[in-house]
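Residues per chain, in single letters:
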Amino acid sequence: MNVGGGANAGSFTGAPPIGPADVKAAAGRIGTRVRPVTLVAADTKPFDESSVYLACETTQVTGSFEARGAANLALYHLEHGALPDAGTVTAVCGNGNAALACAWAARETGGRVTVFATDEPDPQLSDLAAHRDRPARARLMRRLMEFGAEVHSVEGDSEQAARAAADHAQRIGGLFSHPSDNPLIAMGAGTLAAEINDLIGAEIDTIVLPVGGGLLAGTCAALEHTGIRVVPVEPQRSRTLSAALEAGFPIDAPGAEGATTLAADSLGAHRVSQLTLDLARSAGCVPVQVTDEEIARARHALWDQRRIASEYGAAAAFAAIQSGAYVPDVYERVVVVIGGANTDPATLES
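Conventions and cut-offs
- Residues numbered from 1 in each chain as written.
- Predicted model: local features only at pLDDT ≥ 70, side-chain atom pairs only at ≥ 80, totals over all residues.
- Heavy atoms only, no water.
- Helix = DSSP H or I, 4+ residues; strand = E, 2+ residues; numbered from the N terminus.
- Contact = heavy atoms within 4.5 Å.
- Buried < 20%, exposed > 50% of the residue type's maximum accessible area, 1.4 Å probe, protein only.
- Pairing = 2+ DSSP bridges.
- Axes fitted to C-alpha atoms, helices over the stretch in contact; angles between N-to-C directions.
- Parallel < 35°, antiparallel > 145°, perpendicular 65-115°, else oblique.
- Nonpolar A, V, L, I, M, F, W, Y, C, P; charged D, E, K, R; others polar.
- Right-handed = clockwise from strand over helix to strand, strands pointing away.

Further remarks concern the side chain of Ser 50. Note on placement: Ser 50 falls in the loop between β1 (38-41) and β2 (52-56). Excluding residues within four positions of it along the chain, Ser 50 makes contact with Ala 41, Ala 42, Asp 43, Lys 45 and Arg 333.

See below:
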């Protein structure tokens, strides 16, 4: 396993590439560094009488679940004496959750971090989201530097930033942290599902979550053999998992080139990784899709009715429940993952 870079593409052999034991090891590694998940009832019923729960990583270190994966990546290499003096190199994708988490993890482990970011908002963002993204990016750059990151600007989109980061890591002998394709990051992200399973696993049937980062891969690995169903949610304009499942290998979602979506703030990848595809297929995942309008309504409802701040992409899973894209059975009990809160507070009332 190449723990520094992305997982190698290839044909699925039937055996999941990572599993519950890997996630358990990650949980032991990062346990004192990250915050426990916040679980709340989605409605006004008492917690033990509700049928839908929200797993909020909005209060997590750095504001998203990405801190789990970044911590596992850094601590694994530190534990094995393999954290290079040149430090970790990564790129800003979407709203920068992964890069922010990587910078935090580097500071926690006494390492260096170099971040590559584009000068302009990602082309996948809608015009409205791109307009709002500019001040948000300024805040992101400030937060990255507060964590001690060395930030480099590049032209192009997030994929070009990732390539520049990978090239730089190779030149200086650094550890490349791919924003969405790394088994150690997936193991760390999977600790969220493992926590949920430990807390209320015997009481639930399904976890609904956005397709993005290492979250889906880690969740499938953590919940192997538990009987808990994993339902991935993707924007209609970015059907990355559906496209990969239909093709049999990772492929750009139809229309992804030039398509824009509100959810690109945290669901902006053009394709899923081979790692995510293998694990999702092994778990029997059937993705559902939601529109930008449904995502925006769900995000507003999270804030207006529950005072939960959420990114657009992080609200995708709740949008599936609220819109009826996923309809639980009568007695089905569901956990909906709200993955992050790194968003402009001024947009929550709109």
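Another aspect to go through is the environment of Val 89. Within the secondary structure, Val 89 is located in strand β3 (residues 88-91). On the accessibility criterion, Val 89 (0% relative accessible area) is buried. Along the sequence, Val 89 and Ala 165 sit 76 residues apart, while their C-alpha atoms lie 6.0 Å from each other. Ignoring sequence-local partners within four residues, the contact set of Val 89 consists of Thr 114, Phe 116, Ala 165, His 168, Ala 169, Ile 172, Leu 175, Phe 176 and Ser 177.

Pairing is mixed across the open sheet formed by six strands, whose spatial order is β1-β2-β10-β7-β8-β9. In this open sheet, the two strands that pair with only one neighbour each are β1 and β9 (288-290). The sheet shows a mean angle of 25° between the axes of neighbouring strands, direction not considered. One ladder, built from four bridges, connects β1 with β2; its direction is antiparallel. Among the inter-strand pairings, Thr 38 is bridged to a residue of β2, identified as Cys 56.

Here the focus is unusual backbone geometry. Of note in the backbone geometry, Thr 62 takes a positive phi value of approximately 65° without being a glycine. Mapped onto the fold, Thr 62 is located in the loop between β2 and α2 (66-79). Of note, His 225 is a non-glycine position whose phi angle comes to about 70°, a positive value. By secondary structure assignment, the location of His 225 is in the loop between α7 (215-222) and β8 (229-235).

Another point: helix α8 (residues 240-247). Every buried residue of α8 is accounted for by Thr 240, Leu 241, Ser 242, Ala 243 and Ala 244. Close packing links the buried residues of α8 with α7, β8, α9 (274-282) and β9.

The geometry of helix α1 (residues 20-30) relative to α2 is characterised by a closest axis approach of 9 Å and an angle of 85° between their N-to-C directions. In this view, α1 runs roughly perpendicular relative to α2, as classed from their interaxial angle. Residues Ala 26, Arg 29 and Ile 30 of α1 touch α2, and the partners they reach there are Arg 68, Ala 71, Asn 72, Leu 75, Tyr 76 and Glu 79. Per-class residue counts for the contact of α1 with α2 are five nonpolar, one polar and three charged.

The next point concerns the sheet that holds β3. The four strands lie next to each other as β5-β4-β3-β6, forming an open sheet whose pairing is parallel. Each edge of the open sheet carries a strand with a single partner, namely β5 (150-154) and β6 (175-176).

Residues Thr 88 and Thr 90 line one face of β3 and the alternating positions Val 89 and Ala 91 line the opposite face, and both faces are buried. Across four bridges, β3 lies against strand β4 (residues 113-118) in parallel orientation. Across the sheet, residue Ala 91 finds its bridge partner in β4, namely Phe 116. As a crossover connection, the stretch from β3 through helix α3 (residues 97-108) into β4 is right-handed. With two bridges joining them, β3 and β6 adopt parallel strand pairing. If you follow Val 89 over to β6, its bridge partner there is Phe 176.

This part covers helix α11 (residues 316-323). Buried residues dominate α11, accounting for six of its eight residues. Buried within α11 we find Ala 316, Ala 317, Phe 318, Ala 319, Ala 320 and Ile 321. Buried residues in α11 make contact with β2, β7 (206-210), β8, β9, α10 (292-306) and β10 (334-338). Note on α11: the residue one or two positions beyond its end, Gly 324, has a positive phi of about 90°.

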